[in-house]
Amino acid sequence: MTIFTRRNVLAGAAVAAATAAHPGTATAADETKDLDAFVALSSALTGIAAAMLAPAVDPVQIKKQYFDAAKSSPSFDRLLQIFRDNATKPPEAIADVILNQSGSDVRYLGRSIMLAWYLGAWYKPETLAQYNSPKAPAGSPPADRVISPAAYTQGWTWRVAQAHPMGYSELRFGYWSEPPLPLVDFTGA
Amino acid sequence: MCAERVNDLDAVIVGSGIAGALIAKVLGNAGKKVLMLEAGAAMPADINGYMNRFLNATAKVPESPYTPEVFTNGKLTDYSKVNAGRPTVLSLNGKGQFGDWQDPRQSYLIQKGPLAFASTYERINGGTVRHWLGTSLRFVPSDFEMSTRFGRFVDWPIKYQHLESWYGEAEKEIGVSADVADQGYLGIEFAPGYAYPMPKIPLSMVDMAVEKAMASLHVPGVGLDDVRWAVASTPAARNSQPYQARRVCAGNTNCIPISPIQAKYDPSVTLAEALRSGSVRIMYQSVASKVRVDAQGRIAGIDYIRYERDDGPPMATGHVTAKVYILAGNAIETPRLLLMSTNDGRTPHGVANRRGLVGKHLMDHPLYLAWALMPDPVWGYRGPLSTAGIEICRDGEFRRDRGAFRIEIGNEGWNFSSGDPDTTTVDLINGLNVGQLNGDRKALFGAELVKQINDKLSRQFRLGFLVEQSPDDTNTVTLSDRVKDHLGLPRPQISYNLSDYTKAGLAAAKTTATAIFKSLNAQEFTKAPDADDPTSFEWPPQQAGGPKSRLKYYGAGHVVGTYRMGTSEQNSVVNDQQRSWDHRNLYLVGSGTFPTVATANPTLTIAALCLRTADAILKQDLG
């Protein structure tokens, strides 16, 4: 049964736009559609509403930076196609197909994309795979790079903690003496 | 290479950190002609460059915003190729690992051990206090009288009363937010009617949760049985109101390494004021290389080497002369300069070192870190990095037997302990358990991922115990006889260990942490260090028998000792005014003059001592 939450309705709307793309040479319109699909699949993976990942009024356009980072992966087109093939499913099912049913390359690319949204840093899919192998090095997989200063300040993990990136508070003196706003106000879901 | 000369000055100050900047400001405002030599980069027009370097850093450490670059081509910078290097917390790892603490290509300090000196410093305009937390506690009276009261170490040549009014001046100068009513513990007294410049910083949700456990807290066996436990708000050089034309703190949780809105005081504030006096000049990227002594034993000048690029060639050498010389490096760079200054054999053991005490008694507050999950959310990662602590355990008869400590309550979750929120986020997404909060190693996504990240991060908190280290004459700064920096100057070499007195303080911190967590019904996650961690030791000592555990310590960033003050030239390098016993026109300032490390963060006391010294210089040397 599909449960219509605010999140999957929004994801669905993005999909409708994304799947209407015509095959053929890449155009600006195609890229917009790919970008919309990217946001929709990112929402399914991260659990953050698409409208929060990519707001209607979006001066930061952080989605484009993550899209560009992910696009360099050889599995990216396949990831988009898998998403399009499953776009009508609920977000948890879409994420499950990407992460658990589409092979290792797509799985780790999916995780790289999730980490980009959460931490603003690019973790190479192959690094994530290496740290999950029997011969995994000790410790945490290192980030390849911070995607940009803006990416760091847009990191979702801080907001999911009902906080803000260290070094980037939009709040006022003394806010720390009071509990934060409810989680839904940060994540939209 | 051209040779420069600057003569006819009243004072030369080496170093533009808090010590140098405060003295420069006082002398400059009195119309004295001052030249400052700063080894590192110039003060920028704004902090955007520092912020961008911080935001782009994959490892956000205290050194990240500043120059020279911590990384070069993806590796730790090799400081033999840099003109004014400095240590980083990234080179404190075991042998053969990334950041090998004893690899001179990765560690600026040449660490001889047996343990690693874990604190770092900056060489840049404004100095190390650019990356400080802002903690502005006064020392307690006992801190000045360890020998008299506890039969340990040495007394300071001054007592709390001698510094009391200077503490007030320092608090005004750097802008401290606190309430006198909260700070009068363990004998700390204030002048009648005294008020801090700004109201106190409010407690965080984390502080308030810890406070609830205080009534039922009992810590057995470490001399704290009679303590009436309480959480106290921490005096901080962090604006609770607009002050010195700087903004009010917005709780960016980033005091270390940089406040993005400069709500936290840093010495560039004082340095700018000093320069505005019109009688203070500064030369950046100018490394003092020799202190010259004349035949009468007076300081006759300071040589420097000037460069333009961090890794470029020297552009000029120079020589400056003045009536008074003030070395305001830090407790590693100042003894390094003194020891380098052998004056063609006339001062074979270096300047100000007739008694061989320069470079000895290097100290820190070795920091014991303990972390736990609260039963309910306390919402860390919000507010200044720390807003309160437990101070009431800083003094007592136990100081005869072990190092005392203060307890800093952190507002930054497990950022310090575990590199969170990154580590736990990566664990939950990639199915790992490095941070210990993903025991079944599930890789999560969607709503469950959000739920788990929220649950785990919002309950994290940590306690930091700053332990008083004993002053040991075997903990030393000397000169490396084989490793040099890019200017050809010998790099500082460190021999460092922790005495049983200090280790017992760290062990008592561990006992106390566990008792506090128990009292809070919090689940402790403090991890034992690996055996090859150079900042760890086994306790109790070998001869005590019984089960052993391994304890880790961190650097507090407090580089202390090495040119101690005292009552006579037999027992010290400088007098209570920080004037060299050997050379009347030489002052050595900063936390290097502390005879003991005391139980609070050093910066406020550095500032108070320097204001007192500046007053003495004006009255006695330049009057």
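Provided above is the structure to which this section pertains.
Predicted model only: the values in this text are computed from it and were never measured. (Residues numbered from 1 in each chain as written. Chains lettered and ligands numbered in written order. Predicted model: local features only at pLDDT ≥ 70, side-chain atom pairs only at ≥ 80, totals over all residues. Heavy atoms only, no water.)

Trainee: Residues and numbers for the sheet that holds strand β16 (residues 490-496) of chain B, please.
Mentor: Residues and elements named next belong to chain B. Spatially, the three strands line up as an open sheet ordered β5-β16-β15, and their pairing is mixed. Edge strands, defined here as strands with exactly one partner in the open sheet, are β5 (110-114) and β15 (476-484). Here the strands of the sheet are splayed against their neighbours by 30° on average, with no regard to which way each runs. Relative to β16, β15 is paired through five bridges, and the arrangement is antiparallel. Bridging from a neighbouring strand, Thr476 pairs with Ser495 of β16. Packed on one face of the sheet, helix α8 (residues 333-340) meets β15 and β16 and runs near 65° to β15. (Pairing = 2+ DSSP bridges. Helix = DSSP H or I, 4+ residues; strand = E, 2+ residues; numbered from the N terminus. Axes fitted to C-alpha atoms, helices over the stretch in contact; angles between N-to-C directions. Contact = heavy atoms within 4.5 Å.)

Trainee: Can you explain the nonpolar core? Please cite residues and give values.
Mentor: If you look at the biggest cluster of nonpolar residues, it comprises 97 residues, and the most contacted ones within it are Ile23, Leu37, Ile302, Ile326, Leu327, Leu586 and Leu588 of chain B. Here this core takes nine residues from helix α13 (residues 603-621) of chain B, the largest share from any one element. What Leu586 of chain B contacts, discounting residues up to four positions off in sequence, is Ile299, Tyr325, Leu327, Leu338, Val351, Ala352, Gln578, Arg579 and Ser580 of chain B. Core analysis: the second largest hydrophobic core is formed by 85 residues, Ala70, Leu80, Trp117 and Ala151 of chain A among them. (Core = buried A, V, L, I, M, F, W, Y, C linked by side-chain atoms within 4.5 Å. Buried < 20%, exposed > 50% of the residue type's maximum accessible area, 1.4 Å probe, protein only.)

Trainee: An account of the pattern of salt bridges is requested, with residue identities and associated values reported.
Mentor: All names here are of chain B. Per the counting criterion, the structure on display carries 42 salt bridges over all chains. Linking Arg138 and Glu171 is a salt bridge whose minimum nitrogen-to-oxygen distance equals 2.8 Å. Linking Arg138 in the loop between β5 and α3 (146-150) with Glu171 in helix α4 (residues 160-174), this pair joins segments that are 33 residues apart in sequence. Among the residues examined, Arg138 registers a relative accessible area of 3% and is labelled buried. Residue class for Glu171 comes out buried when judged on its relative accessible area of 0%. Asp485 is paired through a salt bridge with Arg336; the nearest N and O atoms lie 2.9 Å apart. (Salt bridge = Lys/Arg side-chain N within 4 Å of Asp/Glu carboxyl O.)

Trainee: Tell me about unusual backbone geometry, and name the residues and values.
Mentor: Both trends apply: most residues other than glycine have a negative phi, and most peptide bonds are in trans. All names here are of chain B. The step from Thr67 to Pro68 runs through a cis peptide bond, and the omega angle for that step is 0°. Position of Pro68 relative to the elements: it lies in the loop between α2 (48-56) and β3 (71-72). Although it is not a glycine, Gln262 sits at a positive phi angle of roughly 55°. Among the secondary structure elements, Gln262 is positioned in the loop between β6 (232-233) and α7 (268-276). Using a relative accessible area of 23% as the deciding quantity, one classes Gln262 as partly exposed. Here the phi dihedral of Asp344 falls at roughly 50°; this positive angle occurs in a residue that is not glycine. Checked against the element boundaries, Asp344 lands in the loop between α8 and β11 (367-373).

Trainee: Quick rundown of the interface of chain B and chain A? Include the residues and the values.
Mentor: With 54 residues of chain B in contact, the opposing surface of chain A contributes 54 residues. Regarding the contact of chain B and chain A, the summed buried area is about 4100 Å², with carbon and sulfur atoms giving 66% of it. Across the contact surface, chain B and chain A share zero salt bridges. Linking chain B to chain A there are 23 residue pairs in polar contact (both at pLDDT 80 or more). Counting only elements with at least two residues in the side of chain B that touches chain A, the list comes to α2, α6 (205-212), α10 (422-430) and α11 (446-459) of chain B. With seven residues, the top contributor of residues to the side of chain B that touches chain A is α11 of chain B. Partitioned by chemical class, the residues of the side of chain B that touches chain A number 30 nonpolar, 20 polar and four charged. (Buried area = accessible area lost by both parts, 1.4 Å probe. Polar contact = N/O pair within 3.5 Å; in protein donor to acceptor, adjacent residues only side chain to side chain. Nonpolar A, V, L, I, M, F, W, Y, C, P; charged D, E, K, R; others polar.)

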